[in-house]
Amino acid sequence: MREALLLASEAARHGEVPVGAVVVRDGAIVGRGFNRPIGLVDATAHAEVQALRAAGSCLGNYRLPGCTLFVTLEPCAMCAGAIQHARVTRVVFGAHDPKTGACGSVIDLFAEARLNHHAQQIVGGMLAGESAALLSDFFAARRRAAPSDREETRRG
């Protein structure tokens, strides 16, 4: 999770929402990712998806059984779906997301029996304080930095 936090900080340096993710198999990191939707102009470029893509490339297969995904923020529905399709065995996340979390905060897609693939274990709250602080600090700095930009966006 510490590596995922470093990646989240990297996202913030790029002006992206600070979320980082790593995929681990047999104790080794096989995929890394951080949020990049703005930089890549791609709504699907969440940290989890970036890490899953990197792990798939590393292992030569989009299916990732036996892997654990560590991510600093509770996955959204899109990412939960990708995680399920990749057949990730375990998901460990930091901060809960009361607005878009799909591991129990808003919805729990991993508990939905009608879906045919499920991670065997979901663990929330690992280094949650540090993960949440990165997000809070990022959004506080954004609010302080550009109040006039927000006005323009509302009028535009």
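Residues numbered from 1 in each chain as written. Predicted model: local features only at pLDDT ≥ 70, side-chain atom pairs only at ≥ 80, totals over all residues. Heavy atoms only, no water.

### Some points on the overall build of the chain
- Counting secondary structure elements, the chain contains 6 helices and 5 strands.
- Reading the helices (α) and strands (β) of the chain from amino to carboxyl end gives α-β-β-α-α-β-α-β-β-α-α.
- Taking 15 Å as the expected radius of gyration for a compact globule of 156 residues, we find that the chain reaches 16 Å, a close match to that expectation.
- Considered along the principal axes of its C-alpha atoms, the chain spans approximately 50 × 30 × 30 Å.
- Here the chain, with 156 residues, has 40% of them falling under the buried criterion. (Helix = DSSP H or I, 4+ residues; strand = E, 2+ residues; numbered from the N terminus. Rg over C-alpha atoms; globule rule 2.2 N^0.38 Å. Buried < 20%, exposed > 50% of the residue type's maximum accessible area, 1.4 Å probe, protein only.)

### Points about the sheet that holds strand β2 (residues 28-34)
- Here we have 5 strands laid out as an open sheet, ordered β2-β1-β3-β4-β5, and mixed in their pairing. The outermost strands of the open sheet, each flanked by one partner alone, are β2 and β5 (121-124). Pairwise comparison of adjacent strand axes, ignoring direction, gives a mean angle of 15 degrees for this sheet.
- Sitting on the sheet, helix α5 (residues 128-145) is in contact with β3 (67-73) and β4 (90-95), with an inclination near 60 degrees to β4. (Pairing = 2+ DSSP bridges. Axes fitted to C-alpha atoms, helices over the stretch in contact; angles between N-to-C directions. Contact = heavy atoms within 4.5 Å.)

### Observations regarding the packing of helix α3 (residues 47-59) against helix α4 (residues 77-86)
- Where α3 meets α4, the axes come as close as 9 Å, and the angle between the chain directions of the two elements is 20 degrees. Taken together, the axes of α3 and α4 lie roughly parallel to each other. Regarding α3 and α4, the two cross each other, and that crossing is left-handed. Residues Glu-48, Val-49 and Leu-52 of α3 form the contact with α4, whose own contacting residues are Met-78, Cys-79, Ala-82, Ile-83 and Ala-86.
- Tallied by class, the residues present in the contact of α3 with α4 amount to 7 nonpolar, no polar and 1 charged. (Parallel < 35°, antiparallel > 145°, perpendicular 65-115°, else oblique. Left-handed = near helix turned anticlockwise from the far one by under 90°. Nonpolar A, V, L, I, M, F, W, Y, C, P; charged D, E, K, R; others polar.)

### Some points on the environment of Phe-138
- Within the element layout of this structure, Phe-138 appears in helix α5.
- Phe-138 has contacts with Ala-12, Gly-15, Glu-16, Val-17 and Pro-18, leaving out every residue within four places of it along the chain.

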